[in-house]
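The residues making up each chain are set out below.
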Amino acid sequence: MLHLEHSCLFFRSWLALTVSVLLDLKPSACRSLSGSRPNILLLMADDLGIGDVGCYGNDTIRTPNVDRLAADGVMLTQHIAAASVCTPSRAAFLTGRYPLRSGKWHLGLNCESSDDYCHHPLSHGFDHFYGMPFSMMGDCEPGEMSEKRAGLEHKLNVCSHVMALAAFTLTAGKLTRLVAGSWTLVICSATVALLCLTTSYFMGALIVHADCFLMRNHAITEQPMSLQRTTALMLKEVSSFVKRNKQGPFLLFVSFLHVHTPLITTENFRGRSPHGLYGDNTEEMDWMVGQILDTLDTEGLTNSTLVYFTSDHGGSLEAQFGNNQYGGWNGIYKGGKGMGGWEGGIRVPGILRWPGVLPAGRLIHEPTSLMDVFPTVVQLGGGQVPHDRVIDGRDLLPLLLGTAQHSEHEFLMHYCESFLHAARWHQRNRGAVWKVHYVTPMFHPDGASACYGRGVCPCFGDKVAHHDPPLLFDLSRDPSEAHALTPDTESSFHQVMERITKAVEDHRRTLSPVPLQLDMPDNIWKPWLQPCCGRFPLCWCDREADP
C-alpha cells in the first residue's frame, strides 16, 4: 500500500517517477529469464528496524511471513535506505502496465486549488491509487503521540496569552485614561485571543479531519479514517487489484502504514508481543505480508511475480513517550531514522523473491541500495534507464542471479536533507567496507543514543558535530561503528581518506543545485488546498463498504 522524511521522500519520488518508461517498451536481455515480463510487487514498511525481523536475527518478534519470503528468495544484508541526494538532474521515470499505488503517498496533493491534484499519484504515472495522500501521524489517533498537534497547540496558546495580555493592558489603559483612541484595538485583540484559544482546543479534531483520510484515485472515500478497519480495507484493495489484473504483467506498490506511529493495530493483534504496541504492530504488518502472498498463491501468480520487501528507514529511536517505546530496534547498528549516516537509520531489510529464477536462501553481503530497485524494475519491465542524467541505482539482477560477484556500488553517499554527512567505500580487493562521517548529530541528553526530546535529530546547525579529520570506521570489522580508526590504529588511514575524498569531489560535480523544497518560504499549510468531502470545515464522509 503506497506510502519521509528525508530519505523516504527520495524513494517515493523515485517510484512516483517510475510510471512512464515501460509503456514505450524496448527489447531487454532480462526477458530470457522467464520468457515473459514478471509481475512486480513492491512492499515497503515504514520505519521498520532491521533488528525487528526474524530472518535478520530477531527471535522475540514473530515475522514468519517475511522470514518465509527470505527463505524462498534472496536476502540482502547491507541494503541501504537512501544513499544519495535527489535533484532534478537525477529524476527518472518508470512505468508498468496497470500500476497501482496503495497506502501512503506523502508527496503532496494540490498546487493552486483543492482539486487540481498536481502532485497526486495519477498525475505521476500511476493508473490507480488507494490510500492516504498525506502521511500517517501520531495525530491521526487521539492520545499522547503527536507530530503536528503539540507544536501547533503551543503556538496557539502563546498567541492566545499574548493577545489576551494585550487586550487586558489596553483595557486597563483605556479605563485609567492612559491610552487614547477607540476600543477597536481592544476588541480585535480579545477576538484574536479567543480565536487562538478556540482553535487550540479543537486542534486535534481539525488535524484528524484535514489530514487523516482515504482516497481512491481522486475521490475521498473516508474522512476521517476509521483506523480499526483501515488494514482490512487496504488488503481488500490489494486483493481486488491482483484479481482484476492477474493476466498481467502489473506493477503494484504496497506502502504500509505500519510500523509508523501511532502504530494503528487491530484488536486481534494487541497484546500479543512482549515488545508492547510496536511489537504488536510489527506482527500485524507481517500478517499483512502473508495475506498478500497468499493472494498471489490463490491466483496462481507466485512463480510469475517478483516480490521485493524493504523499509524506508531504520527504526525511529525518538518515538518514545513516557516509559513506552514506540519505535523500532536496529540491532547491532548505531543510530536510527533521520540520523544522517549512522548505520542504524539507513541499513534496512532487503528481500527479493522470484521462484524458479532467483536462487532460494541466497545471502548477499555486498552493498546495495533502495535506489537499485529503479533500474532493476525498468530492465525487468522491458524498458531502458534514461541516459540523459546520472542514475545512482544499479541493476541488481546480475548480483541476485550470481552472475556477478560484487555489487557495482563502489561508493555510496549518505545525506541528511541536502547535507552530505557520510560516505561509504567498498574496497573490493580487500573485502573491506570503509565509512567516513563528516557530520554527526549530537545526541541528547549527553550519553544518549538518540536525540530524545527533539523529535528528530537535526541535519545542520549548532546541534551537529563537524569532524576534522572525519570519523573512519571499517564496517567489515566493526559494523556497530563503535571504534573510530586513527592513523595509529589503521595503517591505511590516510590512503582511505584520500580515496574517499576524491570520490566525494567527483560525486559533487554530478549534482545540480536546487532549492530544498521542505524549507521553501511558501511551504506552509494552505487551508484552501485541503481536500474536503463535505462543506469546509465539516469534512466528513464514509463511502466505504464494510471490508
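See above for the structure.
The structure presented is a predicted model; accordingly, all values stated were derived computationally and were not measured. Numbering of residues starts from 1 in each chain and follows the order in which that chain's sequence is written. Side-chain atom pairs in this predicted model are given and counted only at pLDDT of 80 or more, local residue features only at pLDDT of at least 70, and totals for whole chains, interfaces and linings cover all residues. Heavy atoms throughout the structure, all of them, feed into the side-chain values; hydrogens and water do not.

Caption draft 1: Structural context of the overall build of the protein chain. We count a stretch as a helix when DSSP gives it H or I for four or more residues in a row; a strand needs E for two or more, and each element gets its number in order from the N terminus. When you go through the protein chain residue by residue, the secondary structure sums to 11 helices and 18 strands. Accessible surface computed for the protein chain: about 23500 Å², of which carbon and sulfur atoms make up 57%. Computed with a 1.4 Å probe, the accessible areas rest on the Shrake-Rupley method; for each residue, only the protein chains presented here act as cover.

Caption draft 2: Expanded view of the packing of helix 2 (residues 64-71) against helix 7 (residues 276-298). Note on geometry: axes are C-alpha line fits, over the in-contact stretch for helices, and angles between N-to-C directions span 0 to 180 degrees. Running from N to C, helix 2 and helix 7 cross one another at 50°; their axes reach a closest spacing of 7 Å. Relative to helix 7, the element helix 2 is oriented oblique. The segment helix 2 lies against helix 7, with Pro64, Asn65, Val66, Arg68 and Leu69 engaging Asp286, Trp287, Val289, Gly290, Leu293, Asp294 and Asp297. A breakdown of the residues in the contact of helix 2 with helix 7 according to their chemical character gives 6 nonpolar, 2 polar and 4 charged. Any angle that falls under 35 degrees is termed roughly parallel, while one over 145 is termed roughly antiparallel, one within 65 to 115 roughly perpendicular, and all others oblique. Residues count as neighbours in contact if any of their non-hydrogen atoms are within 4.5 Å of one another. Polar here means any residue outside two lists: the nonpolar Ala, Val, Leu, Ile, Met, Phe, Trp, Tyr, Cys and Pro, and the charged Asp, Glu, Lys and Arg; Gly therefore counts as polar.

Caption draft 3: Molecular detail of the state of the cysteines. The disulfide definition used here is simple: a pair of cysteine sulfur atoms within 2.5 Å. Taken as a whole and assessed by the stated rule, the structure comprises 5 disulfides. In this model cysteine 111 forms its disulfide with cysteine 118; the gap between the sulfur atoms is 1.8 Å. Where cysteine 111 bonds to cysteine 118 through sulfur, the torsion about that S-S bond is close to 90°, and the disulfide is right-handed. With relative accessibility at 31%, the residue cysteine 111 sits in the partly exposed group. Relative accessible area decides the class of each residue, using a 1.4 Å probe on protein chains only: under 20% of the type maximum gives buried, over 50% gives exposed, and in between gives partly exposed. You can call cysteine 118 partly exposed: its relative accessible area is 25%. Across the disulfide from cysteine 533 sits cysteine 541; the S-S distance is 2.4 Å. Disulfide cysteine 533-cysteine 541: torsion about the S-S bond near -110°, hence left-handed. Grouping residues by exposure puts cysteine 533 and cysteine 541 together as buried.

Caption draft 4: Local environment of helix 11 (residues 493-508). The end-to-end C-alpha separation of helix 11 is 23 Å, in line with the 22 Å expected for 16 residues at 1.5 Å each. Along helix 11, the residues classified as buried are Phe493, Val496, Met497, Ile500, Ala503, Val504 and His507. Mapping the buried residues of helix 11 onto a view down its axis gives an arc of 130°, with all of them on the same face. The span one expects for a helix is its residue count, reduced by one, times 1.5 Å. In this description, the arc belongs to the directions extending from the helix axis to the C-beta atoms.

Caption draft 5: Quick peek at the packing of aromatic side chains. Here a Phe, Tyr or Trp ring, Trp counted by its six-membered ring, pairs with any other such ring whose centre lies within 6.5 Å, and the pair is stacked when the planes are under 30 degrees apart, edge-to-face when over 60, and tilted otherwise. Overall, the coordinates contain 6 aromatic pairs when judged by the stated rule. Consider the rings of phenylalanine 134 and phenylalanine 213, whose centres lie 5.6 Å apart with planes at 85°: the pair is edge-to-face. In this pair, phenylalanine 134 is assigned in the loop between strand 4 (128-132) and helix 3 (149-175) and phenylalanine 213 in the loop between helix 5 (203-211) and strand 5 (214-216), connecting sequence segments 79 residues apart. On the basis of an interplanar angle of 15° and a centroid distance of 5.9 Å, the ring pair of phenylalanine 411 and tryptophan 425 is categorised as stacked. Highlighted residues: phenylalanine 411 in strand 14 (residues 411-416) and tryptophan 425 in strand 15 (residues 419-427), separated in sequence by 14 residues.

Caption draft 6: Region of interest: the pattern of salt bridges. Salt bridges are identified by distance alone: a Lys or Arg side-chain nitrogen within 4 Å of an Asp or Glu carboxyl oxygen. The full count for this structure, using the stated rule, is 21 salt bridges. Among the ionic pairs, lysine 435 bridges to glutamate 343, the shortest N-O distance being 2.7 Å. Placement of the pair is lysine 435 in strand 16 (residues 432-441) and glutamate 343 in helix 8 (residues 343-346), with a sequence separation of 92 residues. If you follow the salt bridges from partner to partner, you end up with Glu343, Arg347, Arg424, Lys435 and Glu481 in one network.

Caption draft 7: Structural view of the pairing of strand 6 (residues 219-223). Across the 5 residues of strand 6, 4 count as buried, placing the element largely inside the fold. Whether two strands pair comes down to DSSP finding at least two bridges between them. By the bridge criterion, 3 bridges tie strand 5 to strand 6 in an arrangement that is antiparallel. Bridging across to strand 6, arginine 216 finds its partner in alanine 219. Where strand 5 folds back on strand 6, the antiparallel hairpin that results is connected by 2 residues, among which asparagine 217 adopts a positive phi of roughly 55°. Taken together, the 2 bridges between strand 6 and strand 18 (residues 541-542) define a ladder with antiparallel strand orientation.

Caption draft 8: Local environment of the environment of valine 66. Position of valine 66 among the secondary structure elements: in helix 2. C-alpha separation for the pair valine 66 and valine 53, spaced 13 residues apart in sequence, amounts to 7.6 Å. Valine 66 has contacts with Val53, Cys55, Asp286, Val289, Phe309 and Ile351, leaving out every residue within four places of it along the chain.

Caption draft 9: Local environment of the nonpolar core. If you look at the biggest cluster of nonpolar residues, it comprises 35 residues, and the most contacted ones within it are Leu43 and Phe309. Elements with a minimum of two residues in this core: strand 1 (39-45), helix 2, helix 6 (227-244), strand 7 (251-255), helix 7 and strand 8 (305-311). Here this core takes 7 residues from helix 7, the largest share from any one element. Filtering out sequence-adjacent residues up to four positions away, leucine 43 remains in contact with Val254, Phe256, Val289, Ile292, Val307, Tyr308, Phe309 and Thr310. Note on terminology: a nonpolar core comprises buried Ala, Val, Leu, Ile, Met, Phe, Trp, Tyr and Cys residues joined through side-chain atoms within 4.5 Å. Formed by 24 residues, the second largest nonpolar core is a distinct cluster that contains Ile40, Leu42, Leu76 and Leu380.

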